[in-house]
Amino acid sequence: MKILVNGGAGFIGSHTTVELFNAGHTPIIIDDFSNSQKWIIDRIEQITNKRPKVYEGNCTDINFMDDVFEKEKDLEGVIHFTAFKAVGESIEKPIPYYKNNINSLLVLIEVMQKYGVENIVFSSSATVYGDPDTNPLTEKSPRKQATNPYGNTKLIAEDILKDTVISRAKIKTIPLRYFNPIGAHESHLIGELPNGVPSNLVPYITQTAAGIRKELTIFGNDYDTPDGTCIRDFIHVVDLAKAHIATLEYLQNQTSPFFDVFNVGTGKGTSVMELINTFEKVNNTKVKYKIGPRRPGDVKACWADTKKVQNVMGWKAQKTISDAMKDAWEWQKTL
Ligand code: UFG
């Protein structure tokens, strides 16, 4: 299949582009490189021996998007990663978050309708479950009001896609609710490239171990969890990338209009402390850390029930937390 990958030079986008090539598909990247690097494209080529075609531009620009669809007439689907994703920043700058994350989706749906492209995989997030009452989370668990604009864009985007399907437009779509993607490609040629000081745990761990950051702060060890630190469902980015291929192949066999949501996680909760311990153990290195206060907006625990994606699409995470911690460290050392 010829697949448009919006945000294909980003963390999840670059790994998914590699997996698309591996599965025999033809990825075409759109990226404005505002939060990604051009050399990632060279690395994708190094890994796969294939170079993806790249259109440099912004997905909110309808003329640009129209032009891409005009040139790429036989597209069979789109994976839409394009989004701003820093939770804290979204509270300070809500408008760019709404503008970028929502407009890019609206423009995309419009051009897809115009050119008769039906399949769209959308990057949603476990953030739509808010602070869960129980774990693991199934797709039937209630969505909760978002605590920040970033999270709200994911709720709104899911609704936009659902309403488009309800209107009986010719569209087939699956928002994938990602849990916490971590790790890097096993070649260590691509991985996460945070902009400035990382807000996510794993890049903060690796940068601290590398001496770029002085010390990691664990945001709270007084939660009602076995070791007092928060629990998340950390999923290796390569597993997550592969879930997109399974989703596209599944969507291709559905009839239009179609909407469904799927969790993409491992089904296993790991605490912040356990993750740090695993990092130190598998890499035989130390991470300097201290315990700090809780971070506002953090939920105590959040992990996925993955039965649906496993039963319906036959996808299951294969890699372990140890694999992810090794790959993240090997990648960090190349930077
Ligand atoms: N943490 C620390 N210290 C740090 C960074 C993080 O202790 O320096 C802790 C957090 O308090 C949290 C855990 O590590 O308990 C994970 O934090 P991340 O920031 O890595 O990830 P979040 O679970 O907060 O957020 C992730 C994604 C969001 C998504 C959210 C909900 O980054 O995009 O999951 O699914 F919205």
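Before reading further, recall that the structure is shown in the block above.
An account of the accompanying structure is given in this report. What you see is a predicted model, and the numbers here were worked out from it, not measured in a lab. (Residues numbered from 1 in each chain as written. Predicted model: local features only at pLDDT ≥ 70, side-chain atom pairs only at ≥ 80, totals over all residues. Heavy atoms only, no water.)

1. Notes on the overall build of the protein chain
Each helix and strand counted, the protein chain has 11 helices and 15 strands in total. The C-alpha atoms of the protein chain give 19 Å as radius of gyration, which agrees with the globular expectation for 335 residues (20 Å, within 12%). Seen through its principal axes, the protein chain has C-alpha atoms that stretch 55 × 45 × 40 Å. Long-range pairs, those at least 24 residues apart, make up 80% of the contacts in the protein chain with a sequence separation of at least 6. Surface accessibility of the protein chain: about 14,600 Å² in total, with carbon and sulfur atoms responsible for 48%. (Helix = DSSP H or I, 4+ residues; strand = E, 2+ residues; numbered from the N terminus. Rg over C-alpha atoms; globule rule 2.2 N^0.38 Å. Contact = heavy atoms within 4.5 Å. Areas by Shrake-Rupley, 256 points an atom, 1.4 Å probe, with all protein chains shown as cover.)

2. What about the sheet that holds strand β13 (residues 270–271)?
With respect to topology, 3 strands assemble into an open sheet ordered β13-β9-β15, the strand pairing being mixed. Edge positions in the open sheet fall to β13 and β15 (301–302), since each of these has one partner strand only. In this structure, strand β9 (residues 231–232) lies alongside β15, joined through 2 bridges in parallel fashion. Across the sheet, the residue bridging to Arg232 is Cys302, located in β15. (Pairing = 2+ DSSP bridges.)

3. Some words on helix α5 (residues 94–115)
With 22 residues, α5 should reach 32 Å at 1.5 Å per residue; the first-to-last C-alpha distance of 32 Å fits that figure. By the burial criterion, the buried members of α5 are Tyr97, Asn100, Asn101, Ile102, Ser104, Leu105, Val107, Leu108, Ile109, Val111, Met112 and Tyr115. Positive phi appears at Gly116, one or two residues downstream of α5, with a value of about 70°. (Expected span 1.5 Å × (residues − 1). Buried < 20%, exposed > 50% of the residue type's maximum accessible area, 1.4 Å probe, protein only.)

4. Details of the pattern of salt bridges
By the definition in use, this model includes 26 salt bridges. We note a salt bridge from Arg51 to Asp42, for which the minimum N-O separation is 2.9 Å. On the accessibility criterion, Arg51 (47% relative accessible area) is partly exposed. When its relative accessible area of 36% is taken as the criterion, Asp42 is described as partly exposed. Overlapping salt bridges, with partners in common, bring together Lys2, Lys53, Glu72 and Asp74 in one network. (Salt bridge = Lys/Arg side-chain N within 4 Å of Asp/Glu carboxyl O.)

5. Comments concerning the site of the ligand
Around the ligand, 17 residues are found, and the nearest of them are Asn200, Thr217, Arg232, Arg295 and Asp298. Within the side chain of Ser125, a nitrogen or oxygen atom sits 3.3 Å from an oxygen atom of the ligand. One nitrogen or oxygen atom from the side chain of Asp298 is found 2.5 Å from an oxygen atom belonging to the ligand. In isolation the ligand exposes 680 Å². Once the protein is present, 88% of that is buried. Considering each element in turn, the shell around the ligand owes the most residues, 4 residues, to strand β8 (residues 216–219). In terms of residue class, the shell around the ligand is built from 8 nonpolar, 6 polar and 3 charged. (Near = heavy atom within 4 Å. Polar contact = N/O pair within 3.5 Å; in protein donor to acceptor, adjacent residues only side chain to side chain. Nonpolar A, V, L, I, M, F, W, Y, C, P; charged D, E, K, R; others polar.)

6. What about the side chain of Glu19?
Counting through the fold element by element, Glu19 comes out in helix α1 (residues 11–22). Of the side chains with opposite charge, Lys242 lies nearest to the buried Glu19, which makes no salt bridge, at 4.6 Å. Glu19 has contacts with His185, Val238, Ala241, Lys242 and Ile245, leaving out every residue within four places of it along the chain. (Lys, Arg positive; Asp, Glu negative; His and termini not counted.)

7. With respect to the pairing of strand β5 (residues 119–125)
Burial analysis of β5 places 7 of its 7 residues in the buried class, the great majority of the element. Residues Asn119, Val121, Ser123 and Ser125 point to one face of β5 and Ile120, Phe122 and Ser124 to the other, with burial holding for every one of them. With 4 bridges joining them, strand β4 (residues 77–80) and β5 adopt parallel strand pairing. Within the sheet, the bridge partner assigned to Gly77 lies in β5 and is Asn119. Two elements, β5 and strand β6 (residues 172–178), share 7 bridges in a ladder whose sense is parallel. Bridge pairing in β6 links Val121 to Ile174. Taken together, β5, helix α6 (residues 149–166) and β6 constitute a β-α-β crossover, and its handedness is right-handed. (Right-handed = clockwise from strand over helix to strand, strands pointing away.)

8. Focus: helix α8 (residues 237–252)
Between the first and last C-alpha of α8 there are 23 Å, a value that for 16 residues agrees with the 22 Å anticipated at 1.5 Å per step. Among the 16 residues of α8, 13 are classified as buried, and the element is accordingly described as predominantly covered.

9. Structural notes on the packing of helix α9 (residues 272–283) against helix α11 (residues 321–334)
Running from N to C, α9 and α11 point in directions that differ by 65°, and their axes come no closer than 9 Å. Regarding the angle of α9 to α11, the classification is roughly perpendicular. For α9 against α11, the interelement crossing comes out right-handed. For the pair α9 and α11, the contacting residues are Leu275, Thr278, Phe279, Val282 and Asn283 in the first and Ile321, Ser322, Met325, Lys326 and Trp329 in the second. (Axes fitted to C-alpha atoms, helices over the stretch in contact; angles between N-to-C directions. Parallel < 35°, antiparallel > 145°, perpendicular 65-115°, else oblique. Left-handed = near helix turned anticlockwise from the far one by under 90°.)

10. A closer look at the nonpolar core
Formed by 38 residues in total, the largest nonpolar core has its most connected members in Ile174 and Trp315. When residues of this core are assigned to their parent elements, the largest contribution, 9 residues, is made by α8. If near-sequence neighbours (up to four positions away) are discounted, Trp315 is found in contact with Ile235, Asp239, Lys242, Ala243, Ala246, Val264, Gly265, Val309 and Gln310. Core analysis: the next-biggest nonpolar cluster, separate from the first, contains 28 residues, Val68, Val107, Ile109 and Leu161 among them. (Core = buried A, V, L, I, M, F, W, Y, C linked by side-chain atoms within 4.5 Å.)

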